[in-house]
Structures are given as structure tokens and as C-alpha cells.
Amino acid sequence: NTNIAIQQKEYYAKLLASVGKNLVLIGGFHYQYSPFNNLIYKNTVAFGGIKYYTPYVHFQAMAHVATLSNSQFTQFDGTVTAYPLGNTNLYSITRVAYGNQPTLTQMAGFKAIKGLWAEANVTLGSYDILLDNDALYIYNDIDTKQLKAGGSIYASLSKNLTLSLNYTFEQKDQIPAIRFL
């Protein structure tokens, strides 16, 4: 069947609760309903963590428990965000995650001019499953990624409106072709 309609539905919720002067508890849930051909996948991710922040550095630790494509998956990650100037004029985000394989994500951004920020990112490591950005993004692929890199530009158009332009490059392993004789 070369004409496959995908009618995926998703629901995502994340709650942040301040529990001290510099401490935040994080919890959430992501649900995907993915009918594909003759199969139906009900993917779920529950996550929780803690963030400690200072004016110049934020530390975050997270745990994720998931059912993806009818298989159990667990991921742990830690993130360090640095603001050398004490604001978003210059920042760096380093994230190490471990699920089936370890990955390292590095992001760096800066304020180019008033109302305009530029950001670059790279994820290194061989992975086919990765929960990214507090499980907002679920990478659950049949092909293994070797590299993910990209860039973003954020333009503040008004007090209440921001334009985001993004580019992402992914290097994946080749899936062997199936040949019928």
C-alpha cells in the first residue's frame, strides 16, 4: 500500500512548580495516538525532574518512562544552561541523555541585534529513540541517527509576537533495501 494516511493525535502537558527560592519541580505527560497501516500505536511518556537555578547557571535532571511502539523505554538526562552575562544576550545549553544509547546535545545562542537572536545546535551520538526538550519531541525512528544539527533565528516582532525560523539536518544510517526475487 503506497497510499497510507496517517491521522496522528498528540497531547502534551508539563507542570512547573516552584518549591523554593531557586528550585523547581517538573512533571508531565505526552500521549501519541498513531494509526499506521493496520497497526495502532498508543505511545505514552511520563517524566519528572528537578531544576536548580542561579542568575548565571541552571542545572536540570530528568527521568522519563515511556511506552513507544509497544516497547518499554527509559531515559535519564542532565542539562546545564549557562548565561555568562546573566541574561539571554549570550547562552549555552549542554545536555547529556542516556536511553538505549548516550547522546550529547550542545546549543549556543546570542542576541545579534535588538529583537533578534541566533542559535545553533548539534546532537551527537547514535540513536533511534530520543526524548528531547522535556519529551515535547519524541524521536522514535526505524533508522538510526548519527548526527542532528541545525540553527534557529528568533525575531521579536512585538511585545506579544515572536517569529521563529528553524533548520535541521539529520544524518541517518541507510536502511538496507528489501529486494524481492
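One can find the structure itself at the top, above this paragraph.
Here the structure is a predicted model, which is why all the values come from computation and not from measurement.

Caption draft 1: Seen up close, the packing of aromatic side chains. A full pass over the atoms with the stated rule returns two aromatic pairs. For the pair Tyr 11 and Tyr 31, a centre-to-centre distance of 6.3 Å together with 25 degrees between the ring planes defines the contact as stacked. Of this pair, Tyr 11 sits in strand E1 (residues 9–18) while Tyr 31 is found in strand E2 (residues 23–36), placing the two residues 20 residues apart along the sequence. Judged by relative accessible area, which is 53%, Tyr 11 ranks as exposed. Consider the rings of Tyr 12 and Phe 47, whose centres lie 6.0 Å apart with planes at 20 degrees: the pair is stacked. Pair noted here: Tyr 12 is in strand E1 and Phe 47 is in strand E3 (residues 39–53), with a separation of 35 residues, a long-range link. Relative accessible area serves as the criterion here: at 6%, Phe 47 is assigned to the buried category.

Caption draft 2: Quick peek at the nonpolar core. Listed in full, the 12 residues of the largest apolar core are Val 24, Ile 26, Val 45, Phe 47, Met 62, Ala 66, Leu 68, Phe 73, Ile 129, Leu 131, Ala 135 and Ile 138. Elements with a minimum of two residues in this core: E2, E3, strand E4 (57–68) and strand E8 (116–132). Counting residues per element, this core draws most heavily on E4, at three residues.

Caption draft 3: The arrangement of the pairing of E2 in detail. For E1 and E2, the ladder comprises 10 bridges, and the chain directions are antiparallel. For Tyr 12, the partnering residue across the bridge sits in E2 and is His 30. Note: E2 against E3, 14 bridges, orientation antiparallel. Residue pairing across strands places Ser 34 opposite Tyr 41, the latter belonging to E3.

About the thresholds
Residues numbered from 1 in each chain as written. Predicted model: local features only at pLDDT ≥ 70, side-chain atom pairs only at ≥ 80, totals over all residues. Heavy atoms only, no water. Phe/Tyr/Trp six-rings, centres within 6.5 Å; stacked < 30°, edge-to-face > 60°. Helix = DSSP H or I, 4+ residues; strand = E, 2+ residues; numbered from the N terminus. Buried < 20%, exposed > 50% of the residue type's maximum accessible area, 1.4 Å probe, protein only. Core = buried A, V, L, I, M, F, W, Y, C linked by side-chain atoms within 4.5 Å. Pairing = 2+ DSSP bridges.

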